[in-house]
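# An overview of the molecular structure
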Amino acid sequence: MSANLKSIILMIAAMGCLTITDLLVKIASKTLPIGEVMIFYGVGALMVFWVLLQIKGEPVQLLALTNSAVALRNVGDLIALNSMFLALVYVPLSTIGALIQTVPIMVTAAAALFLGEQVGARRISAIVVGFLGTLLIIQPGASTFESNAIIALIAALGMALRDIATKLVRENVSTLLLQFYSCFLFIFSGCFFIIIEGNVTAFDLDNVGVIAAMVATGSVGFFLMTEAIRLGEISVVSPFRYTRLLFSMIAGI
């Protein structure tokens, strides 16, 4: 199996996991402030990746944080996760899924311009068709278009930046370590939202199952997506984010 084919399979699986995570975040945010949801996810995922690092016998290298590609990835991650969590509160799930599909176009263009990847006419055509499908779903000029959907578009910009930076990270920095660092960003952003909103809710045991499932599917989804980006050509793999449209529509229903 080629590296690109492996990456495609990983990306499709990641989109399914992350769509379920989005759904769980939306459910949890009905009873908990979004800041608390982010903190619960960040702490839970941090424990998951720390255990995996220990099992693998890989040390937590703080030196990797000084790498410019890792720093750029963290900036994109901050933009993406803050915007995405806000969107999950205020924007319909199917609309979010559609707007996030602008990421493949941004990433493919950046891969051709900055990574030197060859992007042929067939790939460009497939991406354009997918993008037109996205526009058909969100209908930006229609009266039903929600201005809050711009939040999801900002999240897409952050995701594109994160994907390109991920591709630039050196191979000696593992995917597990990258995701371990990302968990701190969730915790930091969650604390920021709590300070801004000034709202803290007592944790209800009824939410334990939702939070646990959110941590599990999110950890798997983010790991698979990062691994897919690092393994194959990003211009080949990124368009398979469009499978999230199908998953999001099913979850929305």
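Just so you know, these numbers come straight off a predicted model, no measurement behind them.

Locating Pro 92 in the fold gives a position in the loop between α3 (68–90) and α4 (93–99). Assessed through its relative accessible area of 32%, Pro 92 is described here as partly exposed.

Moving on to the packing of helix α5 (residues 103–114) against helix α7 (residues 149–168). Closest axis-to-axis distance for the α5/α7 pair is 9 Å, and the angle between their directions is 35°. Taken as a pair, α5 and α7 cross one another with a handedness that is right-handed. Where α5 abuts α7, its residues Val 103, Met 106, Val 107, Ala 110 and Ala 111 lie against Ala 156, Leu 157, Met 159, Ala 160, Asp 163 and Ile 164.

Here we take up helix α11 (residues 243–252). Restricting attention to buried positions, one finds in α11 the residues Arg 244, Leu 245 and Ser 248. Angular distribution of buried residues about the axis of α11 spans 105°; they occupy a single face of the element. Exposed positions of α11 whose direction lies more than 90 degrees from the buried face are Leu 246 and Ile 250.

Grouped together as the largest cluster of nonpolar side chains are 64 residues, with contacts concentrated most on Val 37, Ile 96, Ile 100 and Met 225. When residues in this core are grouped by element, the largest group, 10 residues, is from helix α8 (residues 175–197).

This next bit is on the pattern of salt bridges. Applying the stated criterion across every chain, the model contains 6 salt bridges. Among the charged side chains, a salt-bridge network with shared partners connects Arg 73, Asp 77, Arg 162, Asp 163 and Arg 241.

Cut-offs applied
Residues numbered from 1 in each chain as written. Predicted model: local features only at pLDDT ≥ 70, side-chain atom pairs only at ≥ 80, totals over all residues. Heavy atoms only, no water. Helix = DSSP H or I, 4+ residues; strand = E, 2+ residues; numbered from the N terminus. Buried < 20%, exposed > 50% of the residue type's maximum accessible area, 1.4 Å probe, protein only. Axes fitted to C-alpha atoms, helices over the stretch in contact; angles between N-to-C directions. Left-handed = near helix turned anticlockwise from the far one by under 90°. Contact = heavy atoms within 4.5 Å. Arc of directions from axis to C-beta. Core = buried A, V, L, I, M, F, W, Y, C linked by side-chain atoms within 4.5 Å. Salt bridge = Lys/Arg side-chain N within 4 Å of Asp/Glu carboxyl O.

Any link to function would need more than the numbers given here.
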